[in-house]
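Each chain is listed here by its residues.
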Amino acid sequence: MLEQLLIFTRGGLILWTCKEIGNALKGSPIDTLIRSCLLEERSGAASFNYDAPGAAYTLKWTFHNELGLVFVAVYQRILHLLYVDDLLSMVKHEFAEIYDPKRTVYHEFDETFKQLKMEAEARAEELKKSKPVGKPVSNGKRQGHGQKGGYDGGNKNRSEGVLAKDGGDGEGEGRKMENGYANGNHVGVKDSKMTAVIKGKENTSSNNGAFDVNKLQKLRSKGGKKTDTIDDKVPKVDTKKKITKKNRVWDDKPPPTKLDFTQTVDGNGNGNGNVHDVAEVHGESMMDIEEVVSSESESEDDEEVGKESKLDAKKKGWFSSMFQSIAGKANLEKADLEPALKALKDRLMTKNVAEEIAEKLCESVSASLEGKKLGSFTRVSSTVQAAMEEALVRILTPRRSIDIMRDVHAAKEQNKPYVIVFVGVNGVGKSTNLAKVAYWLLQHKVSVMMAACDTFRSGAVEQLRTHARRLQVPIFEKGYEKDPAMVAKEAIQEAARNGSDVVLVDTAGRMQDNEPLMRALSKLVNLNNPDLVLFVGEALVGNDAVDQLSKFNQKLADLSTSPSPRLIDGILLTKFDTIDDKVGAALSMVYVSGAPVMFVGCGQSYTDLKKLNVKSIVKTLLA
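Quick notes on the rules
Residues numbered from 1 in each chain as written. Predicted model: local features only at pLDDT ≥ 70, side-chain atom pairs only at ≥ 80, totals over all residues. Heavy atoms only, no water. Axes fitted to C-alpha atoms, helices over the stretch in contact; angles between N-to-C directions. Helix = DSSP H or I, 4+ residues; strand = E, 2+ residues; numbered from the N terminus. Left-handed = near helix turned anticlockwise from the far one by under 90°. Contact = heavy atoms within 4.5 Å. Nonpolar A, V, L, I, M, F, W, Y, C, P; charged D, E, K, R; others polar. Pairing = 2+ DSSP bridges. Buried < 20%, exposed > 50% of the residue type's maximum accessible area, 1.4 Å probe, protein only.

Colleague: What am I meant to see in the packing of helix α17 (residues 515–528) against helix α18 (residues 543–558) here?
Modeller: When two helices pack together, their arrangement is given by the angle between their axes and by how far apart the axes lie. Taken N-terminus to C-terminus, the directions of α17 and α18 make an angle of 65°; their axes are 9 Å apart at the nearest point. The two elements α17 and α18 cross, and the hand of that crossing is right-handed. Every residue of α18 that contacts α17 at Glu-515, Met-518, Leu-521, Ser-522 and Val-525 is listed here: Phe-552, Lys-555 and Leu-556. In terms of residue class, the contact of α17 with α18 is made up of 5 nonpolar, 1 polar and 2 charged.

Shown next as structure tokens:
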């Protein structure tokens, strides 16, 4: 049975709840649904699962976009209630008839809901009884598949028989759809089976000799020859490359000075410059200047667009007002939105947004627009694009404060260091961007200590030691083949004794499927409880970003011994200067994890670190 049914406005005002049910829900499933699904543009999903201590709920919902209402049903996941979708649609239709924006109490809807619930349950029982009707279709489909290898005549006759059976049931399906209680999933499966049988009939009745095994073997032999020739060519290219590499002669002489781009060192091996010298060479970090420049340029663009729109409004205002009564307004339907949404999905995918994310976004925008009235002289494409723009801005805008300097000073008042852990896959630039963050913190008069916890990769400690020497900051290291979790713990203790404000923990790069290294990372995070866990990812990745972040979060949750495990808190995007307009990785990562993009790496210098400009990213995605 239902646990709860709730009707509320998009502003959060509860209009009606079922008093007959009156069950006390464990946890806060509806609040979680709003935070994790509706506000995160995941409303296109069919349902939402919520796990609470001692209970597991499934939530389903629907919108009345014209009135701005949300209808949510909650029931125990184990029950698999078939009538919930039908009940929600009927409740939405009936409640819309009596809805008044000035009212907040609807006691008279209690009796209406009882009748609707009884009717929905009765229809669900009828649907269960009518389920065996679909069995011959599945048998016919299996028979058709089994005879694709040869017996065309028998397949044709059987497919016709199945079609005849399906035709007999067509009237019953039409009655179900008219009454509005047909299960969408059930009908979809049946239609797909019918189309499969029809295709099978067409294939067998057209040409019996269409499938020729000899031709297929010839094609395979041709393909094999081509691949063989390609394989023959590949080693030749490789041998040439090897020959060119061998031309370079190595000896015991020191490398030429022109290849040494490091800072000059004195006799003791210490750098002769400090952070002020580095600052003179590199300048001020882009974290402090990028926001002002970008906001000015974008404000000018916004002003120009605003002026143009105002002029157009003045030109068309009298025209629109004259013909508005004639043109009227039309309710948007799913068929009207599909062409514009398909074009938007393709555009997002060309900007390196993961296909799964682009599809979910389009489903969410469709759910938010379906049933709304289209204004006069307003195109569907412009309405869809405006809704998508609002959704993208809402996703990319951080839901919490990302002011690290404020958090650093708060930790300093408590006499403890602020700990940042950098995690990610191999080769994304964790150590380099750790040094950029250190440089930015040093410019704000914050004392920094680096912790070399990458005890796996050869040269990792030396690389971090070079950055520490150039920036004149202390580094805590224990060499290689040590437990990273214990090295980080000792580094934090050393920072607390020395009075360092921030500890930047460098970790080994690891693939998301590497179980031993992921277990070591989970131990490091759980043992030291850092203030910030930054996932460092490349802006070049597309679909792989979804896999990386989701599996990192999943492993951190699964391998944690705490009931409330630490997950990814923020994202640092690297190599942002190499992607041109392919900025979709930022959207994919934020959508998957819900963590904000806190830093963007855009070059090789210490100053090449900036904040993410949400408006600029959205403009690029939709351009």
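Colleague: Just checking my understanding: could you explain the sheet that holds strand β1 (residues 2–9) for this structure?
Modeller: Within a sheet, adjacent strands bond to each other through the backbone by hydrogen bonds, running parallel or antiparallel. Spatially, β2-β1-β5-β4-β3 is the arrangement adopted by the 5 strands of the open sheet, whose pairing is antiparallel. Two strands close off the open sheet at either side, each with one partner strand: β2 (14–17) and β3 (48–52). Ignoring which end each strand starts from, the neighbouring axes of this sheet average 25° apart. Examined bridge by bridge, β1 and strand β5 (residues 69–76) share 7 bridges and lie antiparallel to one another. Residue pairing across strands places Leu-6 opposite Val-72, the latter belonging to β5. In the packing of helix α1 (residues 29–38) onto the sheet, contacts are made with β1, β3, β4 (55–64) and β5, and the angle to β4 comes to roughly 60°.

Colleague: Looking at this model, I keep getting lost on the environment of Leu-504. Mind explaining?
Modeller: Note on placement: Leu-504 falls in strand β11 (residues 502–506). Given a relative accessible area of 0%, Leu-504 falls into the buried group. The contacts of Leu-504, once residues within four sequence positions are left out, are Ile-420, Phe-422, Leu-434, Val-437, Ala-438, Leu-441, Val-448, Met-449, Met-450 and Ala-451.

Colleague: It is not clear to me how the environment of Leu-442 should be interpreted in this structure. Could you clarify?
Modeller: Tracing the backbone shows Leu-442 in helix α14 (residues 430–443). Taking the C-alpha atoms as reference points, Leu-442 and Gln-472, separated by 30 residues in sequence, lie 9.9 Å from one another.

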